[in-house]
Amino acid sequence: MLKVEGLSKHYPEFDLTDVSFNLERGYILGFIGRNGAGKSTTIKSILNLVTPTSGKIEILGKNFQENELELKEKVGYTFGEVNYYSKTKIKTLANVYKKFFSKWDEQLYRQYLNRFKISENKKVEELSSGMKVKLGLTFALSHGAELFIFDEPTSGLDPIARDELLDLFQEIVSDGNKSILFSTHITSDLDKCADYILFIKDGKIVANSTKDELINSHLIVKGSLGDLTEQLEKQFIGIKKNKFGFSGLIKKEFYDSGLPFDTELPNLEEIMVYYNKEEA
Amino acid sequence: MKNVIYKELKLFLSPIVYFMLILSALLVIPAYPSIVGVSYSLLSINICFSISRANNDNQFTAMLPVPRNYIVLGKHFSVAFIEILQVLIAIPFALVSVFVTNVAGNLVGIDSNMTFFGITLICYGVFNLIFLPWYFKTGYKAGIPMLIGVLGYFLVYVAFELLLNFTNLKIYLDGISAEFVGYRVIVLLSGIVFFIVSLFVSEKISSKNFDGVVL
């Protein structure tokens, strides 16, 4: 469905380096990383909103740059909340938007408006932040897209709305024909619905696997500082120390289960936090 | 591309553009510089680009299934649309000026004849060549490109006025005498050609400039 190979983008102060991954039909790929790690740059490079320095993008088996016009109809994407034409009525905006899509589904569009309780007669600026996110999703979901790319779709939503949205994501992929790539730094969203995790740090992919593989291949180790050897400390991806002891993230393969420490499986948030403590 | 044009007409072009067109009527004022009326198109363009920045217009277009250069083409369409409409609306007022209100000739510059429209189109072309490629270096900063573009527009116009007044070209190009109509037609056609070429050249440079812009 989506194949990214060797995607790079050079900026004077930031480099996106050699990003590669696949997303198959029927799955949700969660794209995580701290703010400024390169999530939006990756997504914008995929969609040619940023011209990549190098790399190859294939969507539905076709080269994206060579078939941009055709493929953009098959991709539904949003970048957070709708922040354009805020003083324009949603109806006016929708009337322009829908003209661009040959497979615009008016009935589905109305269904999403009702589901999200959005009135078309309102101006964009009259919507709350969360409703603006939902408006963007309504547009993206109503033109027969097969691949959905959402950049921070859950930011600004209250917990109930976020939960509803994650249910919707699972509903979308349930027919096995559609896929979702969504970036977030709210890792609990991914705990609930992601099948695969792509983890980016400082413009480089540090993990690309199923969610379960990622979690099961790491351990959180806790113990007293007195028992921590220099050799073991070097094996940690990230470590936190205080006067009561230490806790750190380690790859399971590097951990000797005979050691006198408490261990547990990490959650996605802990993985993200400890990876970003690597150089601390 | 027709959808991008529809989007430009519905969202980018502010209703104030259509009000500004009426100001082409300033041509009928006796002893008044002809260039003033048709220059309101530049104000319209400035207003539209300012509003579009507030509306994140380019970001909206980028959300649509169109290649990047359609954003550039759309804006070239809009600018040309405003300029051409301003000139077309000016034509009946120009006729009133030369046959009714300025029969003895315009005392403060060229008459609103074919030469005037040719020069106006050349000035628009110069403005387009400065403003649009410069604007597309960022896709949102319109202020300085607009200022320099307008300066270029008026400098070219003043240069033409000086050329007419300090050479004997005035005999051939000013007024509405039937004897020298061929010369005036040549200037008009030159203006039309320059205007069209300026749009093509500007589009090529603008697209290249816009390639590196982050949307």
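Because the structure is a prediction, the values reported are computed rather than measured.

Undergrad: Which parts of the structure should I look at to understand the environment of lysine 204 of chain A?
TA: Residues and elements named next belong to chain A. Within the secondary structure, lysine 204 is located in strand E10 (residues 204-210). Given the relative accessible area of 48%, lysine 204 is considered partly exposed. Note: C-alpha distance between lysine 204 and lysine 134 (70 residues apart in sequence) is 30 Å. In this structure lysine 204 touches Thr17 and Phe199, once residues within four positions along its chain are discounted.

Undergrad: Looking at this model, I keep getting lost on the domain arrangement of chain A. Mind explaining?
TA: One frequent convention defines the size of an interface as the accessible area lost when the parts assemble. Residues and elements named next belong to chain A. Its domain assignment divides chain A into domain 1 (2-211) and domain 2 (217-275). Computed over C-alpha atoms, the centres of domain 1 and domain 2 are 35 Å apart. Contacts between domain 1 and domain 2 engage 12 residues on the former and five residues on the latter. Counting the surface lost from both domain 1 and domain 2, the interface buries some 730 Å², and carbon and sulfur atoms represent 77% of this. The largest per-residue losses of area from domain 1 upon contact with domain 2 belong to Thr187, Asp191 and Phe199, which jointly make up 51% of the total buried on that side. Linking domain 1 to domain 2 there are zero salt bridges.

Undergrad: It is not clear to me how the pattern of salt bridges should be interpreted in this structure. Could you clarify?
TA: Oppositely charged side chains are able to pair whenever their charged atoms sit close together. Applying the stated criterion across every chain, the model contains 25 salt bridges over all chains. Measuring nitrogen to oxygen at the nearest pair gives 2.9 Å for the salt bridge that ties glutamate 125 of chain A to lysine 87 of chain A. You can see glutamate 125 of chain A sitting in the loop between helix H4 (106-115) and helix H5 (129-141) and its partner lysine 87 of chain A sitting in the loop between strand E6 (75-79) and helix H3 (90-99), a full 38 residues away along the chain. In this structure, glutamate 203 of chain B and lysine 204 of chain B form a salt bridge, with 3.7 Å as the shortest nitrogen-oxygen distance. Given a relative accessible area of 59%, lysine 204 of chain B falls into the exposed group.

Undergrad: Even after reading the chapter, I still don't get the packing of aromatic side chains, so can you show me in this structure?
TA: The relative placement of two aromatic rings is captured by the distance of their centres and the angle of their planes. Tallying each qualifying case throughout the model produces 31 aromatic pairs over all chains. Arranged with centres 5.3 Å apart and planes meeting at 85 degrees, the rings of phenylalanine 199 of chain A and tyrosine 275 of chain A form a pair that is edge-to-face. One end of the pair, phenylalanine 199 of chain A, is in strand E9 (residues 196-201); the other, tyrosine 275 of chain A, is in helix H10 (residues 268-275), and 76 residues separate them in sequence. Of the two residues examined, phenylalanine 199 of chain A and tyrosine 275 of chain A, each falls in the buried class. Relative to tyrosine 135 of chain B, the ring of phenylalanine 49 of chain B has its centre 4.8 Å away and its plane inclined at 80 degrees; by these criteria the two rings are edge-to-face. Taken together, the residues span a long stretch of sequence, with phenylalanine 49 of chain B in helix H3 (residues 35-54) and tyrosine 135 of chain B in helix H6 (residues 114-135) at a distance of 86 residues. Aromatic rings pair up to connect Phe12, Phe49, Phe127, Phe131, Tyr135, Phe136 and Phe210 of chain B into one cluster. Directly above the aromatic system of tyrosine 6 of chain B lies the positively charged group of lysine 99 of chain A, at a separation of 4.8 Å from the ring centroid.

What counts and how
Residues numbered from 1 in each chain as written. Chains lettered and ligands numbered in written order. Predicted model: local features only at pLDDT ≥ 70, side-chain atom pairs only at ≥ 80, totals over all residues. Heavy atoms only, no water. Helix = DSSP H or I, 4+ residues; strand = E, 2+ residues; numbered from the N terminus. Buried < 20%, exposed > 50% of the residue type's maximum accessible area, 1.4 Å probe, protein only. Contact = heavy atoms within 4.5 Å. Domains from an automatic or database assignment. Buried area = accessible area lost by both parts, 1.4 Å probe. Salt bridge = Lys/Arg side-chain N within 4 Å of Asp/Glu carboxyl O. Phe/Tyr/Trp six-rings, centres within 6.5 Å; stacked < 30°, edge-to-face > 60°. Lys NZ or Arg CZ within 6 Å of the ring centre and 35° of its normal.

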